[in-house]
Amino acid sequence: MSHNPIRPWRSIARRKSRQIHVGSVPVGGDAPISVQTMTNTLTTDVKATIEQVQRCAEAGADIVRISVPDEGSSRALHEIVRESPVPIVADIHFHYKRAIEAAEAGAACLRINPGNIGDASRVREVIKAARDHGCSIRIGVNAGSLEKHLLDKYGEPCPEAMIESGLDHIRILQDNDFHEFKISCKASDVFLAAAAYQGLAEATDAPIHLGITEAGGLMSGTIKSAIGLGSLLWAGIGDTIRVSLSADPVEEVKVGFEILKSLGLRHRGVNIISCPSCARQGFDVIKTVEALEKRLEHIKTPMSLSIIGCVVNGPGEALMTDVGFTGGGAGSGMVYLAGKQSHKLSNDQMVEHIVEQVEKKAAEIEAARAAETQAAE
């Protein structure tokens, strides 16, 4: 639960779910909502794939998924898993041997639909491999690949068909006494995905992997994902998320964290609060924010920064942030530290000085955290 006793209107009561593990990352229960992405390199290009995994991890990804469509990809997975700083999920479709090979290669989780990988004996083989090698499983229902009998029954992809598909796959795992699984029911239609997830959340206590699949490019996909994932997360549904964009996977990670940060569900890095700018601005807000976003990417410590162009809303926003700058007149503005006016600063020194102040504040926060940890030991 994300609970705020001072401002109860900001509280989110998370759905109670079982907790599983994807490698070292707990998913479900009271664990933080994890952020995932998926590589778009050829898995057989080991060097490129490892580099992309490492960039995603540096951006904050807790888990990275990799497609394993053939034997060459299974062989490559051994080295990728060994070099990865985060747990790897193997994305498997249809071929049960790829799932077994991925488990043997060290994948932390297998993304499969148990009903799509063959008869009961093959399903048992995959489950045995997952159990033997400590893999969890993600059931991945997708509106674009529902089973034929469900499309015949319902006439088209709909929430009821997706929920039934998910529960059918869950039953297969449970009948084999395997419970280390999570589930997703993705669609590119925000309404369809949200309704399916809501129904699934009521029907099972399994951890839920949220996503709006095939959401689109960086701009459109971000908006669709923010609406779909944001509404579900606000309702307390979701234990791990993946934002699907036709873009660099690093961008998916960034968007995922921004969605969680906006709801107070995860905190990482600098949360910049900035105005859209207008004729009142005392400096170029847009260029300043662009520069600061790049200059502060290395900060992992959760903290807030307000960049407001004028004194209408600037002082009020600065009261709520760790560091703030409000535009004034005559080429200068006011720096705020811990919500209080600190000193005036000329606009031409603004970016460098704010970076220094943010870095200093981050160091103070980390030092205080370390001292608390040491005192508790």
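My aim in this report is to walk through the structure given alongside it, one point at a time. Just so you know, these numbers come straight off a predicted model, no measurement behind them.

## Describing the overall build of the protein
From N to C terminus, the protein includes twelve helices and 15 strands. In terms of overall dimensions, the protein is globule-like: its C-alpha atoms have a radius of gyration of 23 Å, near the 21 Å expected for 377 residues. A principal-axis box enclosing the C-alpha atoms of the protein has dimensions of 75 × 45 × 40 Å. In the protein, which comprises 377 residues, the share counted as buried stands at 51%. Excluding contacts between residues fewer than 6 apart, the proportion of contacts in the protein whose partners are at least 24 apart in sequence is 62%. Carbon together with sulfur atoms contributes 52% to the accessible area of the protein, which is approximately 17500 Å² in total. The positive charge centre, built from 40 side chains, and the negative charge centre, built from 47, are 2 Å apart in the protein.

## Focus on the pairing of strand β13 (residues 323-327)
Most of β13 sits inside the fold, with five of its five residues counted as buried. Two elements, strand β12 (residues 303-308) and β13, share four bridges in a ladder whose sense is parallel. Within the sheet, the bridge partner assigned to Ile307 lies in β13 and is Phe325. Sheet topology places β13 next to strand β14 (residues 332-337); five bridges connect them, and they run antiparallel. Pairing of Phe325 across the sheet is with Val335, part of β14.

## Re the nonpolar core
Grouped together as the largest cluster of nonpolar side chains are 81 residues, with contacts concentrated most on Leu77, Leu110, Met162, Leu210 and Leu233. Counting residues in hydrophobic clusters, the runner-up holds 19 residues, among them Val270, Phe283, Val323 and Val335.

## Topic: the pattern of salt bridges
For the structure on display, the rule yields 20 salt bridges. Each member of the salt-bridge network shares a partner with another, and the members are Arg14, Arg15 and Asp239.

## A closer look at the sheet that holds β14
The strand order across the open sheet built from five strands is β11-β12-β13-β14-β15, with neighbouring strands paired in mixed fashion. Among the strands making up the open sheet, the edge pair consists of β11 (270-274) and β15 (340-346). The sheet shows a mean angle of 20 degrees between the axes of neighbouring strands, taken without regard to direction.

## Considering helix α8 (residues 218-234)
With 17 residues, α8 extends 22 Å from end C-alpha to end C-alpha; this agrees with the ideal 24 Å at 1.5 Å per step. Among the residues of α8, those classed as buried are Gly221, Ser225, Gly228, Leu229, Gly230, Leu232 and Leu233. Buried residues in α8 make contact with α7 (190-203), β9 (209-210), β10 (240-242) and α9 (249-262). At the exit of α8 stands Gly236, carrying a positive phi of roughly 90 degrees.

## Focus on helix α4 (residues 120-132)
For α4, built from 13 residues, the straight-helix expectation of 18 Å at 1.5 Å per residue is met to within 8% by its first-to-last C-alpha distance of 18 Å. Val123, Val126, Ile127, Ala129 and Ala130 are the residues of α4 that are buried. Down the axis of α4, the smallest arc covering the buried residues is 160 degrees, so these residues share one side. Packed against the buried residues of α4 are α3 (96-105), β6 (109-112), β7 (136-142) and α6 (159-175). In the segment just after α4, Gly134 is the residue with positive phi, at about 70 degrees.

## Side note on the layout of surface pockets
Any empty space left between the atoms is revealed when a probe the size of a water molecule rolls over them. Here the largest pocket defines a volume of roughly 890 Å³. Lining the largest pocket are 28 residues, and of these Lys254, Glu258, Lys261, Glu293 and Glu297 sit closest to its centre. Going through the elements one at a time, α1 (46-59), α8, α9, β11 and α10 (285-295) are the ones with two or more residues in the lining of the largest pocket. Residue composition of the lining of the largest pocket, grouped by class: twelve nonpolar, four polar and twelve charged.

Cut-offs used in this document
- Residues numbered from 1 in each chain as written.
- Predicted model: local features only at pLDDT ≥ 70, side-chain atom pairs only at ≥ 80, totals over all residues.
- Heavy atoms only, no water.
- Helix = DSSP H or I, 4+ residues; strand = E, 2+ residues; numbered from the N terminus.
- Rg over C-alpha atoms; globule rule 2.2 N^0.38 Å.
- Buried < 20%, exposed > 50% of the residue type's maximum accessible area, 1.4 Å probe, protein only.
- Contact = heavy atoms within 4.5 Å.
- Areas by Shrake-Rupley, 256 points an atom, 1.4 Å probe, with all protein chains shown as cover.
- Lys, Arg positive; Asp, Glu negative; His and termini not counted.
- Charge placed at Lys NZ, Arg CZ, Asp CG, Glu CD.
- Pairing = 2+ DSSP bridges.
- Core = buried A, V, L, I, M, F, W, Y, C linked by side-chain atoms within 4.5 Å.
- Salt bridge = Lys/Arg side-chain N within 4 Å of Asp/Glu carboxyl O.
- Axes fitted to C-alpha atoms, helices over the stretch in contact; angles between N-to-C directions.
- Expected span 1.5 Å × (residues − 1).
- Arc of directions from axis to C-beta.
- 1 Å grid on protein atoms, 1.4 Å probe; cavity = no way out; pocket = protein on both sides within 12 Å on 5 of 7 lines; lining within 4 Å.
- Points joined across faces, edges and corners; volume = space filled by probe spheres on them.
- Nonpolar A, V, L, I, M, F, W, Y, C, P; charged D, E, K, R; others polar.

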